[in-house]
Amino acid sequence: MKNHPLFPLKLFLLPGEFTQLYIFEERYKQLVHECFTKSKTFGIAYSGKLNLKNLGSLVKIVEITKEHSNGELDIVVQSVGVFVLERFYFKAPEKLYPAGDISLIDTPFSEDLVSPELLKLYRDYFAEKDHPDPELLWQPTLQLVDLLKGLFLSDFEKMDLVQLEDKASLEGYLKNYIRYLQLLEDQEKNVYQNIYLN
């Protein structure tokens, strides 16, 4: 895609994820109004220095939840894909906002349900701790994007996920990640108990 609207942010969204954005700069107000009225996507180009592969999230505007008296906006966006930024332009032709040449990449994400093994490991991990959506946790099946809600992956962990080759690799990554979290918690408990006993 050539000259696709871009919003550089230190934020990376996995396909299916939602987030809220507060829009106050004139150039991004223009971007939001144009993309919303034309049902057009824009790219969130991850602006961190460690984004060596120039990955970004392609998003659609789900809703403008509030338009303030000064023209600033509260919006909700959903990620619909992942891209590689090939070239960045500080301004799109005859626009205020930036743009870029982007290439969409295939990811192992889909609307398929997670495996029973991953779901059991996830539930066991949250059995004695809070989950951001407890009702969701005990649904008979889960899609991947819903399962990820409780894990609070960093932007760079998310970038690792989208570069995996297939669903099996992705599930293997998440199983190891949950086991790693459990191991860290077990070690913390042991340290605390040793301090208490001494």
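Up top you'll find the structure we're talking about.
Here the structure is a predicted model, which means the values were calculated and not measured.

Caption draft 1: Geometry of the overall build of the protein. Looking only at helices and strands, the protein features 6 helices and 6 strands. Listing the helices and strands of the protein from first to last along the sequence gives β-β-α-β-β-β-β-α-α-α-α-α. Dimensions of the protein, computed from C-alpha atoms along their principal axes, come out at roughly 65 × 40 × 35 Å. For the protein, the proportion of its 198 residues judged to be buried stands at 41%.

Caption draft 2: Structural context of the environment of Tyr 89. Within the element layout of this structure, Tyr 89 appears in strand S5 (residues 73-89). Through-space distance from the C-alpha of Tyr 89 to that of Asn 3 is 7.8 Å; in sequence the pair is 86 residues apart.

Caption draft 3: Local environment of unusual backbone geometry. The phi dihedral of Glu 94 is positive, around 60 degrees, even though this residue is not glycine. With respect to the helices and strands, Glu 94 occurs in the loop between S5 and strand S6 (99-105). With relative accessibility at 82%, the residue Glu 94 sits in the exposed group. Residue Phe 152 is not a glycine yet carries a positive backbone phi of 50 degrees. Here Phe 152 lies in the loop between helix H4 (144-147) and helix H5 (155-162). By relative accessible area, Phe 152 is classed as exposed at 62%.

Caption draft 4: A look at the side chain of Glu 171. Assignment of secondary structure puts Glu 171 in helix H6 (residues 167-197). Of the side chains bearing the opposite charge, Lys 167 lies closest to the buried Glu 171, which forms no salt bridge; the N-O distance is 4.3 Å. Polar contacts involving the side chain of Glu 171 include one to the side chain of Ser 115, which spans 2.5 Å. Setting aside anything within four residues of it in sequence, one finds Glu 171 in contact with Val 114, Ser 115 and Leu 118.

Caption draft 5: Representation of the pattern of salt bridges within the structure. Scanning all chains against the criterion turns up 8 salt bridges. In this structure, Glu 185 engages Lys 129 in a salt bridge whose closest nitrogen and oxygen atoms are separated by 3.3 Å. Highlighted residues: Glu 185 in helix H6 and Lys 129 in the loop between helix H2 (116-126) and helix H3 (134-137), separated in sequence by 56 residues. Judged by its relative accessible area of 27%, Lys 129 is partly exposed. Lys 149 is the partner of Asp 146 in a salt bridge, and the nearest nitrogen-oxygen pair spans 3.4 Å.

Conventions we followed
Residues numbered from 1 in each chain as written. Predicted model: local features only at pLDDT ≥ 70, side-chain atom pairs only at ≥ 80, totals over all residues. Heavy atoms only, no water. Helix = DSSP H or I, 4+ residues; strand = E, 2+ residues; numbered from the N terminus. Buried < 20%, exposed > 50% of the residue type's maximum accessible area, 1.4 Å probe, protein only. Lys, Arg positive; Asp, Glu negative; His and termini not counted. Salt bridge = Lys/Arg side-chain N within 4 Å of Asp/Glu carboxyl O. Polar contact = N/O pair within 3.5 Å; in protein donor to acceptor, adjacent residues only side chain to side chain. Contact = heavy atoms within 4.5 Å.

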